[in-house]
Amino acid sequence: MKDFLQIIFTTQFGYSVLRVTTPILFAALAALVSDRAGVINIALEGIMLITALTGVLFSTWFHSAWLGLLMAVIMGTLTGMLLGYFHLKLKTNVILAAVALNLLASGGTIFVLYLIAGDKGISSSLASLTLPKITIPLLDKIPVLGPILSGHNVLTYFALLSVFLMHYFIYKTPMGMRIRAVGENPEAADSVGIGVKKTQFIALAMSGMIASFGGAYMSMGYVSWFSRDMTAGRGFIALAAEAMGGATPIGSFLASLLFGFFDALSNSLQLLRVPAEFVQMIPYVATVVGLVLYTAAKRNQYQRMLIKIGRQLEPEK
Amino acid sequence: MPDDAMLRMEKITKVYPNGIVANNEVDFSIRKGEIHALVGENGAGKSTLMRILFGLEESQKGRILLNGTEIKNESPHIAIANGIGMVHQHFMLVPSLTVAENMILGVEPKKGLRIDLQKAIKDTRALAEKYNLAVDPLAKVQFLSVGIKQKVEILKALYRGAEILILDEPTAVLTPQETKELFSELKLLKKQGNTIIFISHKLHEVKELCDRVTIMRNGRIKGTFNTADVTPTDISRLMVGRDVILEVEKDAAKPKEIVLSVTNLVMANDLGQRAVKGVSFQVRKGEILGIAGVEGNGQRELVKGVTGLERIAHGEVTILGESINRKAIKEIRNLGTCHIPEDRMTYGVAKEMTIEQNVLADKYDSQDYTGRILTKPRAIRDLSQKLVEEYQIKCSSPLQEVGMLSGGNIQKVVVAREFSTNPQLIIADQPTRGIDVGSTEFIRNRLVELRDEDSAVMLVSADLNEVLELSDSLIVMYEGEITAFFEDASKVSEEELGLYMLGIKHQTPEEIGGIVYEK
Amino acid sequence: MKNRKLAFESLRSVLAIAISLAIALVTILLVSDMPGTALKAFLFGPLDSMRHFGNVLEMMIPLIFTGLAVSIMFSAAQFNLGAEGAFFMGAVVSSFVAVQWTLPVVIHPIVSILIGGLTGAVFCGIPALLKVKWGASELVSSLMFNYIAFFFGLYLINYFLRDPNAGAMVSFKLLASAKLPYIIPKTRVHFGIIIAALTIVVMYFFVYRTRWGYKTLLTGLNSQFAKYAGIKTAVVVISAQVIGGFIAGAGGSIELLGLYRRFSWQQLPGYGWSGVIVAILARRNPAYVPLAAFFLAYLRIGADLMSRQSDVQNEIVAIIQGVMIVLIAAAGFLEKAQYRMVFRDATRDLTNVGNTAREVGG
Amino acid sequence: KAEEEAVKEVKEEVAEKPAEVDVLKIVLLLNGNLGDKSFFDSADNGMKMLKEEYGDKIETRTIEMSYDETKWEPTLLDVSEEDYDIIIVGTWQITEMLEAAAPMYPDNKYVIFDTAVNYAGGDFSNVYSIGYKQNEVSFVAGALAAKVTVSDMPLANKDKVVGFLGGMDIPVINDFLVGYIEGVQYVDKDIKVAISYIGSFSDSPKGKEMALAQYNQGADIGFNVAGQAGLGQLDAAKDVQRYAIGVDSDQALIFVDSDPEKANLITTSALKRVDNSLFRAVTMHMEGTAPYGEAEVLGFAEECVGLANNDIFKSVVPKDIRDFVLDVEQKIIDGEIIVSSAFGLTTEELNEIRNAVK
Ligand SMILES: Nc1ncnc2c1ncn2[C@@H]1O[C@H](COP(=O)(O)OP(=O)(O)OP(=O)(O)O)[C@@H](O)[C@H]1O
Ligand SMILES: Nc1ncnc2c1ncn2[C@@H]1O[C@H](COP(=O)(O)OP(=O)(O)OP(=O)(O)O)[C@@H](O)[C@H]1O
Ligand SMILES: [Mg+2]
Ligand SMILES: [Mg+2]
């Protein structure tokens, strides 16, 4: 137990929670924007994989991490649009289209990697670049908080910022309101001239774009290469985080952080010689538990209210 | 009269992907500043024509001329820009947004990047005042009554600068009093220079409000007349193609023992608010108890409680003496209950299944149709064949998918299934909504027949005509409570009923208590 | 009308397959220096020897099981993607039975498969339960359960069944009495294919000829209607996923007992996701599952042989699969053409009969 | 690139031209994919070395059978029926399949590396097994790590902790681990070893996370034995500026051009020269001296294990440590130091060893 606390109460641990959270947070926000428009995007896994590779390839070719990021974002947006095309134009069930896209991404990235680098596992033979880390002046001087919050990859800060941007976007801007309207009552949106499909298409494109930051972070921040199936389920976890967060930006952020905490914990806990496989289950179990607690709380609220409504009557009569 | 037409639709033909020809070479025109009625049977193609005008559907042929120039309303967006507004048959509002937010949806005023909500609220207030349509801009739409929602819908259209206003069956869910209010508002609009297309099944309303009327049947136009020149009988003959008598012939009821007994029932609605507030009543064998009321006054939740579809928050429901509070739907059905649901597409059928499979829905575990393991296809075939004939369901065979049938025929499938189990208690929720005259007649007669065969019938209907016509006795629901009980429904007038439905009149608890025959 | 619809659907499927194959061909032409060899191996490789054709049949077996599992879950409109985890856990647990219990020859695999199936049932059943009880989306939780199953399975093998003398993390050898025999000479096609065939027949009758199947379909097509008709939809929702999980788990067990000497998976085998493809291609109808499974297995073995015999990597199959699934499941694909057909019919009947097409539908 | 062309050409020849009789045909079956920058790549490199050395006299082909186990046996049987002179397979996982196949094709010659068939269990006179003394090289790596953590090298800290990052908790990896721990303890019994298993040989992001956790626990040098996943450790080393030890192939060389900063932290690599051992095997085959029917365990003497003695090693590691390490190596060769093996240890026994350095 002492060892356990020693691990958790270190600044390095806090630092790694944020780092691990970053890709999940991007993906959760990506899930959120499409979910709000009424389309569930389970292709985040594939989109992140594709954009992770895109970032690596273009940063190698252009000798610039920023251009790599730019291309990844373009690619992610295009992939989101592709999903939109499948779902909205060709009318494929969106879950099936996403499963197809994920399969395509998993094999397709390796196919492309092999064509370009001659490797089937990892891109380390390419001299790809990483995005810079940022030391925040002043903040990094503060004890405890400094080492936890400062010195992260630039995308980690962007992820945190994105939570607020997303909140603003969804609740304060016309497009955000349209997205919510389309998700809640598409016919109503349609009848006031908001193109439902158009809005959903935009939401999916945005979703792809946001997820692409997560993908780029994986290969140009988290690590410095692309490797086979490197997203390892983070796109799925993000869906759970978004659901757990009640489809709100702040909620999704907190849920992602929770997952990040358990994931970081699972990486450290092994040092205490807890069975590795057991430890690796923890984040997933935590996510399911969190999801159930959240939905159960919602359901309980309803039950309690039913009982209350029943009771209210008695003094009246 | 091509010269005086403000808007002309020419040779509009619309075929839905399922092969239904909803509009067939339709020519339709309106003049500036008139209120123009569009009437026709269910499925005649009225809504379709208007949806084409409003850009929600695309026609395969034909064109639209506004003030002589062709316009292409490819989306509502363009239609709105062309000064056309539409209030739909079903509300088109986003429940979680406020009135003001609904008003501006799609045409949001902006301040920088964000929505300028203050302006939206101010504009809504101003507009409401100008047209005398009182609404609270800050109220969330999900908590509004139907009447107010209707106003919001009209304001929405006006906010978008509509000069031509399409109203698709706006009075279907309103009380006579609310209807009257709406009419005065519409007349005000007309005075201020707007043009209105008004769709209704109620011909006296057409006579009262409209300048001209266009009649549709089977996707074609049957003619356009000055309302002053035609009688309702003329119109209905043109609509249906024959004379219709919608009078149901029935003898006085001979009620026997109590079948359904509801005591102090409390139900919640989807939002967790109390929707039924301690209601008690009883229905006896051999009678039809009508439940009248404006939609949204707790009838839906009442039906859900009585049929076991939702949990009862408080109180008790018994059928033939057995409490159903803790019973599963199957057990309730096994007590001899059947249920014609209000929304047939959601609760009444599985569209993708065949008629045969749909008919099986409440009897799949009966020995007659399934053995120990396998189903008995022959028996199922025979039953559905019989029902199709008996109920005159128009279809190619019982193997046709239900989704391919017209609304009236879908309703007949539901009714045939539900009535085929010799029910003790029939819960009929809006049994003839949105279906044509022929089918309506058929279903109403069948209900009376079953009553005469000693079934107990609880009839919920927002159609005043229907409740008055069919019910033996009658209760009125307002805001989740029973506000009136009439032992003999034939003694009540439509106007009087309206007063109770609006909550303007209220009987004493003693009078209402008459509906409980025995404790 | 019905035949027309069927014909159109078939046409669409064929076209979808043709388009995806065409994309594959173009890709091969672009990337390969030896397109002739590659194409030949890809298209005809599986037919060039008994062993290769056997490979196709071998691969069909797990695909049939997961395809059926996903079909039944999707039929009840339950988007449970946990077949992957159920398949894995089924194999893990049945390897315990196959290693540690001594049972007579025929009984041993039966018990092992049943227990594997039960394990799968639990793993798909939990997300179902979570949904019914607390409203947690089965889609999301089943995705998490795949990972939980994976790590939990590895934990079990590593700590309870691991052969310390083996040079990798694998279980002890499966007892010979538990193995499923090979039934086609010169191939490794094992008895599992017969179990698969039986399961298909059983599932077909289950879905289309029993009250439980009826309840499942009804719940899947319109759950509110099903509830209204007195069906306990919660029970159906759970049972469909439990049955699906059972089939997937049994499939994992059969794959293990048929083709493996020990439990040795170090990663999720991916058959759960393939099951989704099979189910879609088969349109959730058990009768079409073997066709879809054969087709997919043929493609994959073809791609493998191609990568072995030429310079084209077998990952190309991912591209073919992806395009194909999307197009086959695309209601909008060729919709315009279909619509034109409908329009022509409807208006022709109009001029003939001079009435609405209401009668056309009827 | 040029090499690839060559391989492609070879493939073309194999596939499209009838075989010529006097050419030695070799096929290497990998039960995984190339690109791990360690084990499989090293085996493939053996083929390239052979081609370079013998040119037209031999034909080589490498088949990646992927990680999907169901594909391995059919492929093995397929190539067994073709006219290859030598069929090379590797890793323990494929042993039992080879044991089934080899007696069926007595005229074929098989080489299996990194494991051995059970010669007592059947007639495997046509199989030559190659094992590696990874525990010995790992011992040396452990000694180096121990010396580094107590040294005053620029990135070394005061804590007496070193890291070990394994791919999976399996015997081959644990063989490395046991040697490593013994090597560490040979230098100083108080040094702790932070041990993690990634649970995968491919999840390099996870590898990086776990390595970071080790470094955060005070390790200033870590040893990765995790194939592709282990590359995560090298990235972690660069992030926190600590040292690393590579495995299998010379991992500093991989990055020396693309990322010199990272390369300079990879003090050395514990080489498991699969390439050398295969080259040696084929050469012996051509000379007619290949010991088919036997298993050999190759070590320092055959240059099949060893520390990478590259420029980085020489510039980063102080001379006294280097000398010490070379001395340890010599002592092992001379038999003065006997290194234990993890093969045959139970989980409990292993736990005892692991807990001793916790
Ligand atoms: N959203 C929809 N999608 C597809 N088809 C629909 C839809 N809505 C209605 N239909 C088709 O319309 C018909 C039923 O619609 P509706 O309820 O308007 O019938 P109706 O014309 O009013 O029937 P009746 O004249 O018998 O009352 C069916 O043929 C059905 O297939
Ligand atoms: N989305 C749709 N898809 C297919 N058919 C449809 C659709 N909507 C309507 N129809 C069919 O088109 C025909 C015309 O329907 P429409 O809704 O225009 O009738 P309506 O005159 O408005 O009837 P009502 O009085 O019931 O509102 C009907 O037969 C209907 O079944
Ligand atoms: Mg209708
Ligand atoms: Mg209508």
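## As for the overall build of chain D
Secondary structure summary: chain D contains 14 helices and 12 strands in total. If one aligns the C-alpha atoms of chain D with their principal axes, the spans along those axes are about 65 × 45 × 35 Å. Residue burial in chain D is summarised as follows: out of 358 residues, 63% are buried. Considering only contacts within chain D whose residues lie at least 6 apart along the sequence, 70% involve residues at least 24 apart. Surface summary for chain D: the accessible area is close to 12700 Å², and the carbon and sulfur share equals 48%. Computed over 32 positive and 64 negative side-chain charges, the inter-centroid distance for chain D is 6 Å.

## Topic: the sheet that holds strand β17 (residues 322-323) of chain B
Residue and element names in this part refer to chain B. Spatially, β14-β13-β16-β17 is the arrangement adopted by the four strands of the open sheet, whose pairing is antiparallel. Only two strands of the sheet have a single partner each, and these edge strands are β14 (274-284) and β17. As paired strands, strand β16 (residues 314-319) and β17 are joined by two bridges and run antiparallel to one another. Of the residues in β17, the one forming a bridge with I319 is E322.

## Focus: the arrangement of the chains
Take the five pairs of chains in contact: the one carrying the most contacts is chains A and C. No part of chain B reaches chain D; the closest C-alpha pair between them is 38 Å apart.

## A closer look at the interface of chain A and chain C
Of the residues lining the interface, 43 residues belong to chain A; the matching set on chain C comes to 51 residues. Summing both partners gives a buried area of about 4000 Å² for chain A against chain C, and 79% of it is carried by carbon and sulfur. Our count for the contact surface shared by chain A and chain C stands at one salt bridge. The partner of C:E315 in a salt bridge is A:R228, with the nearest N and O atoms 3.2 Å apart. The interface formed by chain A and chain C holds four residue pairs in polar contact (both at pLDDT 80 or more) in total. Counting only elements with at least two residues in the side of chain A that touches chain C, the list comes to α4 (65-89), α5 (94-117), α11 (234-244) and α13 (276-316) of chain A. Residue composition of the side of chain A that touches chain C, by class: 29 nonpolar, eight polar and six charged.

## Concerning the packing of helix α2 (residues 11-36) of chain A against helix α7 (residues 204-216) of chain D
At their nearest, the axes of α2(A) and α7(D) sit 11 Å apart, and the two run at 165° to each other. Put simply, α2(A) runs roughly antiparallel to α7(D). The interaxial crossing formed by α2(A) with α7(D) has right-handed handedness. Here A:Q12, A:S16, A:R19 and A:V20 of α2(A) come into contact with α7(D), specifically with D:E209, D:L212 and D:N216. When its residues are assigned to classes, the contact of α2(A) with α7(D) shows two nonpolar, three polar and two charged.

## Here we look at the packing of aromatic side chains
Both the distance between ring centres and the angle between the ring planes are used here to describe each pair of aromatic rings. Throughout the structure, instances matching the rule amount to 47 aromatic pairs over all chains. Here B:F183 and B:F198 contribute two aromatic rings whose centre-to-centre distance is 5.9 Å and whose plane-to-plane angle is 75°, an arrangement assigned as edge-to-face. Of this pair, B:F183 sits in helix α6 (residues 176-191) while B:F198 sits in strand β10 (residues 195-199), and the two are 15 residues apart along the sequence. B:F183 sits in the buried class, given a relative accessible area of 3%. Here B:F198 falls in the buried class, since its relative accessible area comes to 0%. Between the aromatic rings of D:Y54 and D:F279, the centroid separation amounts to 6.0 Å while the plane-to-plane angle is 15°, which identifies the pairing as stacked. Linking D:Y54 in helix α2 (residues 39-54) with D:F279 in helix α11 (residues 274-287), this pair joins segments that are 225 residues apart in sequence. Classification of D:Y54 as buried rests on a relative accessible area of 16%. Put simply, the rings of A:F259, A:Y284, C:F87, C:F88, C:Y147, C:F150, C:F151, C:Y260, C:F263, C:W265 and C:Y271 pair up and form one aromatic cluster. The residue whose ring lies beneath D:K147 is D:F324, and the NZ or CZ to ring-centre distance is 4.5 Å. The side chain of D:K262 reaches across the aromatic face of D:F255, ending 4.3 Å from its centre.

## Here we look at the pairing of strand β6 (residues 161-166) of chain D
Residue and element names in this part refer to chain D. Burial of β6 is extensive: six of the six residues sit out of reach of the surface. Residues V161, G163 and L165 line one face of β6 and the alternating positions V162, F164 and G166 line the opposite face, and both faces are buried. Inspection of the sheet shows β6 paired to strand β7 (residues 192-197) by six bridges, in the parallel sense. Bridge pairing in β7 links G166 to Y197. Note that the unit made of β6, helix α6 (residues 171-187) and β7 has a crossover that is right-handed. Examined bridge by bridge, β6 and strand β8 (residues 221-225) share four bridges and lie parallel to one another.

## Things to note about the environment of C:V207
All names here are of chain C. Looking at where V207 falls in the secondary structure, it is placed in helix α7 (residues 192-209). Assessed through its relative accessible area of 6%, V207 is described here as buried. As a C-alpha pair, V207 and N285 span 78 residues in sequence and 8.5 Å in three-dimensional space. In this view, V207 contacts I72, G213, Y214, L217 and P286; residues no more than four positions away in its chain are not counted.

## Comments concerning the interface of chain D and chain C
Listed as interface residues are 34 residues of chain D and, on the opposing side, 35 residues of chain C. At the boundary of chain D with chain C, total buried surface from both sides reaches about 3100 Å², with 46% on carbon and sulfur atoms. Area buried by chain D at its contact with chain C is led by D:T70, D:W92 and D:E96, which between them contribute 19% of it. Connecting chain D to chain C are eight salt bridges. Taking the shortest distance from any N to any O, the salt bridge between D:D78 and C:R308 comes out at 2.7 Å. In this assembly, chain D and chain C are joined by 13 residue pairs in polar contact (both at pLDDT 80 or more). Mapped by element, the contributors of at least two residues to the side of chain D that touches chain C are α1 (2-16), β2 (58-64), α3 (72-81), α4 (95-101) and α6 of chain D. Considering every element that reaches the side of chain D that touches chain C, the biggest residue donor is α3(D), with six residues. Within the side of chain D that touches chain C, the residues separate by chemical class into 15 nonpolar, six polar and 13 charged.

## What to know about the sheet that holds strand β1 (residues 5-15) of chain B
Residue and element names in this part refer to chain B. Pairing is antiparallel across the open sheet formed by four strands, whose spatial order is β2-β1-β4-β5. The sheet is open, and its two edges are formed by β2 (21-31) and β5 (69-71), each paired on a single side. Across the sheet, the mean angle separating the axes of adjacent strands is 25° when strand polarity is ignored. As judged from the three bridges shared by strand β4 (residues 61-66) and β5, these two strands associate in the antiparallel manner. Looking at the pairing, I64 lines up with I71 of β5. Along the sheet, helix α1 (residues 46-53) contacts β1, β2 and β4; its crossing angle with β1, the most-contacted strand, is approximately 115°.

## Examining the nonpolar core
Within the largest apolar cluster, 354 residues are counted, with the highest numbers of intra-cluster contacts made by B:L497, D:I88, D:F113, D:F164, D:F223 and D:L278. Counting residues per element, this core draws most heavily on helix α6 (residues 138-161) of chain C, at 15 residues. Residue-level mapping places this core at the junction of two domains, with at least three residues from each of domain 1 (1-32 + 317-362) and domain 2 (52-311) of chain C. Sequence-distant contacts of D:F113, defined by excluding residues within four places in its chain, comprise D:L28, D:F39, D:A43, D:I88, D:V89, D:G90, D:T91, D:I130, D:Y132, D:V274 and D:L278. Core analysis: the next-biggest nonpolar cluster, separate from the first, contains 58 residues, B:A100, B:V152, B:Y159 and B:I215 among them.

Cut-offs applied
- Residues numbered from 1 in each chain as written.
- Chains lettered and ligands numbered in written order.
- Predicted model: local features only at pLDDT ≥ 70, side-chain atom pairs only at ≥ 80, totals over all residues.
- Heavy atoms only, no water.
- Helix = DSSP H or I, 4+ residues; strand = E, 2+ residues; numbered from the N terminus.
- Buried < 20%, exposed > 50% of the residue type's maximum accessible area, 1.4 Å probe, protein only.
- Contact = heavy atoms within 4.5 Å.
- Areas by Shrake-Rupley, 256 points an atom, 1.4 Å probe, with all protein chains shown as cover.
- Lys, Arg positive; Asp, Glu negative; His and termini not counted.
- Charge placed at Lys NZ, Arg CZ, Asp CG, Glu CD.
- Pairing = 2+ DSSP bridges.
- Buried area = accessible area lost by both parts, 1.4 Å probe.
- Salt bridge = Lys/Arg side-chain N within 4 Å of Asp/Glu carboxyl O.
- Polar contact = N/O pair within 3.5 Å; in protein donor to acceptor, adjacent residues only side chain to side chain.
- Nonpolar A, V, L, I, M, F, W, Y, C, P; charged D, E, K, R; others polar.
- Axes fitted to C-alpha atoms, helices over the stretch in contact; angles between N-to-C directions.
- Parallel < 35°, antiparallel > 145°, perpendicular 65-115°, else oblique.
- Left-handed = near helix turned anticlockwise from the far one by under 90°.
- Phe/Tyr/Trp six-rings, centres within 6.5 Å; stacked < 30°, edge-to-face > 60°.
- Lys NZ or Arg CZ within 6 Å of the ring centre and 35° of its normal.
- Right-handed = clockwise from strand over helix to strand, strands pointing away.
- Core = buried A, V, L, I, M, F, W, Y, C linked by side-chain atoms within 4.5 Å.
- Domains from an automatic or database assignment.

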